[in-house]
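# Structural overview for review
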Amino acid sequence: MSTTGKPTNGGSALIKALENEGVDTIFGLPGGAILPVYDPIIDSPIRHILVRHEQGAGHMAEGYAHATGRPGVAMVTSGPGATNVVTPLCDAYMDSVPLVMITGQVPYGAIGTDAFQECDITGITLPVTKHNFLITEAQDIPQVIHEAFHIATTGRPGPVLVDIPKDIVDPQNPRSAMEWYEPGPVDLPGYRPLTHGNPELIRAAAELILRAERPVIYAGGGILKARAAEALKELAELTRIHVVTTLMARGSFPDDHELCLGMPGMHGNYTAVTSMQEADLLIALGSRFDDRVTGKVPDFAPHAKVIHVDIDAAELGKVRIPEVGIAGDCRLVIEELIRALRELGAPGELPDRRAWDSTISGWQEKYPLTYQMSEPGELLKPQYVLETLRDSTPDDCIVASGVGQHQMWTSQYWKFNHPYTFVNSGGLGTMGFSVPAAIGAKVGRPDRMVWAIDGDGCFQMTAQELVTAASERIPVKVAILNNAYLGMVRQWQEMFYEERYSEVYLSPDLPDYKMWAEAMGCVGMRVESPDEVQPAIDKANSIDDRPVVIDFRTDAREMVYPMVAAGHSNSDIVVGPSEGDGGH
Amino acid sequence: MRTSDDANKPQLHILSVLVENRAGVLTRVAGLFARRGFNIHSLAVAPTEDERFSRISMVVDVQSAPLDQMIKQLDKLINVIEIDELAPHEAVSRELLVTTVSAPPDVRSQVIELVQIFEGRILNVGQESILISLDGSPDKLDDFERLLRPYGIEAMQRTGRVALPRLHQRPSLQVVDDVS
């Protein structure tokens, strides 16, 4: 039954507009300016998850989007509520996460008067959103919400903020009166997301691929955003070209595939890093030549021609000028590339690359990831905890990590064999991301086991969201790799500041993580010796009615290797501590 | 051949940017240039013949960043509809200068003569100074300014450059909104 033309108010129309977009969950926290919108939520089928801090709402919405591919939605009030979501917005902007953020605003007439909890959030978030809107008339709400979702989810995805003054959503205010209507087609004359690649360029790329003797596919987060994992696999198998998966692309190509080389970059494995350095062709698909991948740019992959495919034309040539730059949707372009390759005779016409393949397998044999197992009485090795956890969880388990050493070890030691199983903060490097992101992922994928792998420093930043998880019955599991330090900073101070440790010690016992977890309604455990690791994980995996937190006491001396020091050439990769201090 | 001296000079290109005529659009454009480290040399903005749109004429310094990046990043702004790059020799550009020049009676005739030579206009005459306007190409305005300076410029304001492509040549408009 059509409700077009039915009198309503802006607040009800906002909730109805969100329902229309298929929203099933809003992460949020109410306050003065957004209050009128919280009334119609009571009667809506949309699930609202009440967070304990607005930053948590933003990261939960991100985790939801990472895990499902659907836009995450969060709603907060004006002023401090809005400023508290700036970090998640920036995080989502850097990692191209589709997000719609609704913020309350003071009444339209009060804007500019320094009213209570007034804040120019559209001004503040200009540089960290794909786009933002300040709605001024109730009548615009359905159309603007529709456009916000369109912008967030098409082209290069990203966060969109919609700021809504209180008077246009408050039924007590005549300015909120409006007639409901179904939003029409989007009217955004300046927004035309690219889709198909230029056929001539695709053919040129195919010809380069057919001539390359040492090609490597450099897969980035765009593969996941474009739902292109299947296409990537077909391309790799057709051409028998090895694939590196960046931090944002982990899982987009299965780690257990014979052509997978794993993560490149500052803490990438030797083979992934070195194969790119030695390649004569890099096929960059949805990747952006981030400094953590390239190291010193002039020395990055010095012998390689570059094919660069990205939906964002501004990425082509931003860091490295490609020989062939194709602006377009990664999935469509890869499919078109596969067709072009077949037309040109692939796989029959491929050059003999056995020498390159054996060079790669030689590196893999010579430089595997390794660590020393702890001696009896020593603290746990974080890698051992991760390997045990990896081997004790289902293949499609979703892992959310924070930022730092534990994040790098997770990316290195986990086996990501399915897309959308690794949720993490790549571009912005937001400490505190993992707990709320894991909660959001679990809400989006309740059928999956979800583990947050966190550091003790990160955990203290957003742990209060476990109260949200406990009260909403969202059974995420958290492994804290507790080395009592801001570990990555400690590592840099050890390597580059002559072991002068400045403001990095946190204490293993303060807070008491087990008691803290229990106080938040979770099951809390502490694990100190290797033989306790497996039983604790098994116990955690058996609990499905509340969150679980395990405090793993790990060795602070352990450092992340391999490592390319910041600003150095990737050819200066240091494989392990025996190779020197890494600082050169 | 460029000398090292030339290499440090700004290299100016004109971008004619059609945008939606909405609150905050200029902030988006200016903010983008600021945060990406692109230099704006001058800027002029006004509504077009179609009131839904405004045209921003901006002179940018391509020494600060590649023009291609500026155009592609601009194109990502939702409110930016079309970007035309006008190569300096293929554009007709105009700027307006208004200035108050010290012109006591003994030199007033010299100043007036300069204004006549440059086809400027005298807008206002006082006891000791006169107020002049001149429109024209930025080079012409530069010359005028240099010649007036010895008399004493008391106040001066120049607008940013506005530009459209030349008509009598082959179409020289490089439409760059489809950047594939």
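The model shown is predicted, which means the values in this text are computed figures rather than measured ones. (Residues numbered from 1 in each chain as written. Chains lettered and ligands numbered in written order. Predicted model: local features only at pLDDT ≥ 70, side-chain atom pairs only at ≥ 80, totals over all residues.)

### A short note on the overall build of chain B
Just so we agree on the cut-off: For helices the rule is a DSSP run of H or I covering at least 4 residues; for strands it is a run of E covering at least 2, with both sets numbered from the N terminus onward. Here exposure depends only on C-beta density: within 10 Å of a residue's C-beta, 20 or more other C-beta atoms make it buried, 12 or fewer make it exposed, and intermediate numbers make it partly exposed, the C-beta atoms being placed from the backbone. Here, residues touch in the contact sense if the C-beta positions derived from the backbone fall within 7 Å of one another.
Scanning chain B from N- to C-terminus turns up 5 helices and 10 strands. Put simply, chain B has 180 residues, and 28% of those count as buried. Of all intrachain contacts in chain B linking residues separated by at least 6 positions in sequence, the fraction that spans at least 24 positions is 76%.

### Remarks on the overall build of chain A
Selection criterion: To get the radius of gyration, use the C-alpha atoms; to get the globule rule, take the number of residues to the power 0.38 and multiply by 2.2 Å.
A tally of helices and strands in chain A yields 22 helices and 20 strands. By the compact-globule yardstick of 25 Å for 584 residues, chain A fits well, its C-alpha radius of gyration being 25 Å. With the C-alpha coordinates of chain A rotated into their principal frame, the extents come out at 75 × 65 × 40 Å. Looking at chain A as a whole, 56% of its 584 residues are labelled buried. Intrachain contacts of chain A at a sequence separation of at least 6 include 76% that bridge at least 24 residues.

### Concerning the interface of chain A and chain B
Our working rule: Residue classes follow a fixed rule: Ala, Val, Leu, Ile, Met, Phe, Trp, Tyr, Cys and Pro count as nonpolar, while Asp, Glu, Lys and Arg count as charged, and any other residue, Gly among them, counts as polar.
With 15 residues of chain A at the interface, the matching set in chain B holds 16 residues. Of the residues in the side of chain A that touches chain B, the class split is 10 nonpolar, 4 polar and 1 charged.

### Some thoughts on the confidence of the model for chain B
Residue and element names in this part refer to chain B. In plain terms, the rule: Per residue, pLDDT measures the predictor's confidence, with a range of 0 to 100.
Overall, the prediction assigns chain B a mean pLDDT of 87, with 88% of residues at 70 or greater. Here residues 174-180 scores under 50 on pLDDT; set against residues more than four positions off or in separate chains, the count is 18 contacts. The ipTM for the predicted assembly is 0.90, set against a pTM of 0.93.

### A closer look at helix H2 (residues 25-36) of chain B
Definition in use: To estimate the expected span of a helix, subtract one from its residue number and multiply by 1.5 Å.
The end-to-end C-alpha distance of H2 of chain B is 17 Å, a good match for the 16 Å that 12 residues give at a rise of 1.5 Å each. Positioned one or two residues after H2 of chain B, Gly-37 of chain B has a phi angle of 75°, which is positive.

### Some words on the sheet that holds strand E16 (residues 422-423) of chain A
Residues and elements named next belong to chain A. We apply this condition: Any two strands with at least two DSSP bridges between them are considered paired.
The strand order across the open sheet formed by 6 strands is E16-E15-E17-E18-E20-E19, and the pairing between neighbours is parallel. Taken across any chain shown, the strands that pair with only one partner, and hence form the sheet edges, are E16 and strand E19 (523-527). Pairing between strand E15 (residues 398-401) and strand E17 (residues 450-455): 4 bridges, direction parallel. When the bridges of E17 are listed, Ser-401 appears paired with Ile-453.

### Looking at the packing of helix H15 (residues 382-391) of chain A against helix H16 (residues 405-413) of chain A
All names here are of chain A. Defined as follows: Only the stretch in contact is used when fitting a helix axis, every axis being a line fitted to C-alpha atoms; angles between N-to-C directions are given from 0 to 180 degrees. Just so you know how the angles are binned, under 35 degrees is roughly parallel, over 145 roughly antiparallel, 65 to 115 roughly perpendicular, and the rest oblique. Left-handed describes a crossing whose near helix is turned anticlockwise from the far helix by less than a right angle; the clockwise case is right-handed.
Interaxial distance between H15 and H16 falls to 10 Å at its minimum, and their mutual angle equals 45°. The orientation of H15 with respect to H16, classified from their angle, is oblique. When you trace H15 past H16, the crossing you get is right-handed. Facing Pro-382, Gln-383, Leu-386, Glu-387 and Arg-390 of H15, the residues of H16 in contact are His-406, Trp-409, Thr-410 and Tyr-413.

### Re the domain arrangement of chain B
Residues and elements named next belong to chain B. Going by this rule: A domain assignment, automatic or from a database, supplies the domain bounds used here.
Along its sequence, chain B is carved into domain 1 (4-86) and domain 2 (92-163). Taking only C-alpha atoms, the centre of domain 1 and the centre of domain 2 are 28 Å apart. Facing 8 residues of domain 1, the contacting portion of domain 2 comprises 6 residues. For the side of domain 1 that touches domain 2, the element with the highest residue contribution is strand E2 (residues 39-47), accounting for 3 residues. Here the side of domain 1 that touches domain 2 is built from residues that sort into 5 nonpolar, 3 polar and no charged.

### Things to note about helix H22 (residues 530-542) of chain A
Residues and elements named next belong to chain A. Our working rule: This arc is taken over the directions from the axis of the helix to the C-beta atoms.
By the burial criterion, the buried members of H22 are Val-533, Ala-536, Ile-537 and Ala-540. Summarising the axial view, the buried residues of H22 lie within an arc of 100°, below the 170-degree limit, and thus occupy one face. Across H22 from its buried face, at more than 90 degrees, point the exposed residues Asp-531, Pro-535, Asp-538 and Ser-542. Where H22 is buried, its residues meet H15, strand E18 (477-482), E19 and strand E20 (548-553).

### As for the sheet that holds strand E11 (residues 260-262) of chain A
All names here are of chain A. Strands sit in the order E11-E10-E9-E12-E13-E14 across an open sheet of 6 strands; the sheet is parallel. Each edge of the sheet is formed by a strand with only one pairing partner; in this case those strands are E11 and strand E14 (324-327). On average, each strand axis in the sheet is tilted by 20° relative to the strand beside it, whichever way the strands run. Here 5 bridges tie strand E9 (residues 215-219) to strand E12 (residues 281-285), and the two strands are oriented parallel to one another. Within E12, the position partnered with Ile-217 by the bridge is Ile-283. Along the sheet, helix H11 (residues 270-278) contacts E9, strand E10 (242-245), E11 and E12; its crossing angle with E11, the most-contacted strand, is approximately 105°.

### What to know about the packing of helix H8 (residues 199-211) of chain A against helix H13 (residues 330-343) of chain A
Residues and elements named next belong to chain A. It is the contact of H8 with H13, at a shortest axis distance of 9 Å, that shows an interaxial angle of 60°. Overall, the two elements H8 and H13 adopt an arrangement that is oblique. Once H8 is placed against H13, the crossing between them reads as right-handed. Between H8 and H13, the contacting residues are Ile-202, Arg-203, Ala-205, Ala-206 and Ile-209 on the first element and Val-333, Glu-336, Leu-337, Ala-340 and Leu-341 on the second. Class assignment for the residues of the contact of H8 with H13 results in 8 nonpolar, no polar and 2 charged.

### Topic: the nonpolar core
Burial of nonpolar side chains together is a common tendency in soluble globular proteins. Residue and element names in this part refer to chain A. Formally: One nonpolar core equals one set of buried Ala, Val, Leu, Ile, Met, Phe, Trp, Tyr and Cys residues connected by C-beta atoms within 7 Å.
Residues Val-162, Leu-232 and Leu-282 are the most contacted members of the largest nonpolar core, which totals 201 residues. The leading source of residues in this core is helix H7 (residues 141-153), at 7 residues. Setting aside chain neighbours within four positions, we find Leu-232 in contact with Ala-219, Ile-223, Ser-252, Phe-253, Leu-285 and Ile-334.

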